[in-house]
Amino acid sequence: MMTQQKKGIFISIEGTDGSGKSTQIQKILDDLSARKLDVVFTREPGGTPISEKIRQILLSPEHGEMCAETEMLLYAAARAQHVRQKILPALAEGKVVLSDRFLDSSIAYQGYARGLGACVLTVNQIATGGLEPDLTIFLDLPPKEGIRRKRIEADHTMDRLEQEDLSFHEKVYQGYLETAKQSPHRVCRIDASASVDAVFAQVKAALDQCLARWDV
Ligand code: TYD
């Protein structure tokens, strides 16, 4: 059903904390607008008023008592609203939707790092209604390096998830590697340890390929 009404293209970008996602997102948005494409940029958790409120609950460092199941369901609830209120309508209008994180974050953080496993997929089948990105850009940076990069950003305050220890972030990373292995048709793994421009050259190649396949 869902794919029938989908005319646009859906791109997600993923990575462990500190992988340089924000910098690459800015470059992707510049690139897409230079191609004169109609782009909707959004993020998870968030993207709609309800989902942004859920985001505040999820990321507040005050909520240290949150159990893994609540966390998974809140991410999924935010996503359910985001998909239906923002992503699907934009795709139906033929737009390019770029989302800072999507389902793969739940698989990596809640499925692997929190240890909830396959039930994350089951719950998110409801949340996404089966919507999958056409392209997922995975910025591959080992967490040790990502955490080091974040800590040297002087004004950066760590949210609830970032405050987790290195072993948590290692599990998140393993989750991403596993997803990349299992979904090679859509996940493009990019070495994020290189310079900003070298990373973007790889990102741009993935975008070129994906946009070339997109017949409108
Ligand atoms: P954000 O400030 O957007 O982090 P980043 O700049 O690293 O993307 O916070 C989102 C946090 O939520 C991030 O630590 C990853 C986590 N997250 C999950 O655990 N599960 C999810 O499904 C999503 C979308 C994000």
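Just so we're clear, the structure is a prediction, and the values are computed from it rather than from any experiment.

Asks: Describe the overall build of the protein, and please don't skip the residues or the numbers.
Replies: Scanning the protein from N- to C-terminus turns up 8 helices and 5 strands. Each helix and strand of the protein, placed in order from N terminus to C terminus, yields the pattern β-α-β-α-α-β-α-α-β-α-α-β-α. A principal-axis box enclosing the C-alpha atoms of the protein has dimensions of 45 × 40 × 30 Å. Residues classed as buried in the protein amount to 51% of the 216 residues present. Residue pairs in contact within the protein that sit at least 24 positions apart in sequence constitute 81% of those at least 6 positions apart. For the protein, the computed accessible surface area is about 10,400 Å², with 54% contributed by carbon and sulfur atoms. Charged side chains in the protein number 27 positive and 30 negative. The centres of these two groups are separated by 3 Å.

Asks: Quick rundown of the environment of Arg 55? Include the residues and the values.
Replies: In this fold, Arg 55 is placed in helix α2 (residues 49–59). Put simply, Arg 55 and Pro 45 are 10 residues apart on the chain and 5.3 Å apart in space, counted from C-alpha to C-alpha. Ignoring anything within four residues of it in the chain, the contact list for Arg 55 reads Arg 43, Glu 44 and Pro 45. There is a polar contact of 3.0 Å between the side chain of Arg 55 and the backbone oxygen of Pro 45.

Asks: Give me the sheet that holds strand β2 (residues 39–43): which residues, what numbers.
Replies: Adjacent strands of a sheet pair through backbone hydrogen bonds, lying either parallel or antiparallel. The parallel open sheet is built from 5 strands, whose spatial order is β2-β3-β1-β4-β5. Since the sheet does not close on itself, it has two edges, and those belong to β2 and β5 (187–191), each with one partner. Taken over all neighbouring pairs, the strand axes of this sheet differ in orientation by 20° on average, direction set aside. Judged from the 5 bridges that link them, β2 and strand β3 (residues 96–100) form a sheet pairing that is parallel. Bridge pairing in β3 places Arg 43 opposite Asp 100.

Asks: Now, about the nonpolar core: what can you tell me, with residues and values included?
Replies: Ranked by size, the top nonpolar core spans 23 residues in total, and within it Ile 28, Ile 137, Leu 139 and Val 203 carry the most contacts. Of the residues forming this core, the biggest block, 7 residues, is contributed by helix α8 (residues 196–213). If you look at the next biggest cluster of nonpolar residues, it comprises 19 residues, including Ala 78, Leu 161, Val 172 and Val 187.

Here is what the cut-offs are and how they apply
- Residues numbered from 1 in each chain as written.
- Predicted model: local features only at pLDDT ≥ 70, side-chain atom pairs only at ≥ 80, totals over all residues.
- Heavy atoms only, no water.
- Helix = DSSP H or I, 4+ residues; strand = E, 2+ residues; numbered from the N terminus.
- Buried < 20%, exposed > 50% of the residue type's maximum accessible area, 1.4 Å probe, protein only.
- Contact = heavy atoms within 4.5 Å.
- Areas by Shrake-Rupley, 256 points an atom, 1.4 Å probe, with all protein chains shown as cover.
- Lys, Arg positive; Asp, Glu negative; His and termini not counted.
- Charge placed at Lys NZ, Arg CZ, Asp CG, Glu CD.
- Polar contact = N/O pair within 3.5 Å; in protein donor to acceptor, adjacent residues only side chain to side chain.
- Pairing = 2+ DSSP bridges.
- Axes fitted to C-alpha atoms, helices over the stretch in contact; angles between N-to-C directions.
- Core = buried A, V, L, I, M, F, W, Y, C linked by side-chain atoms within 4.5 Å.

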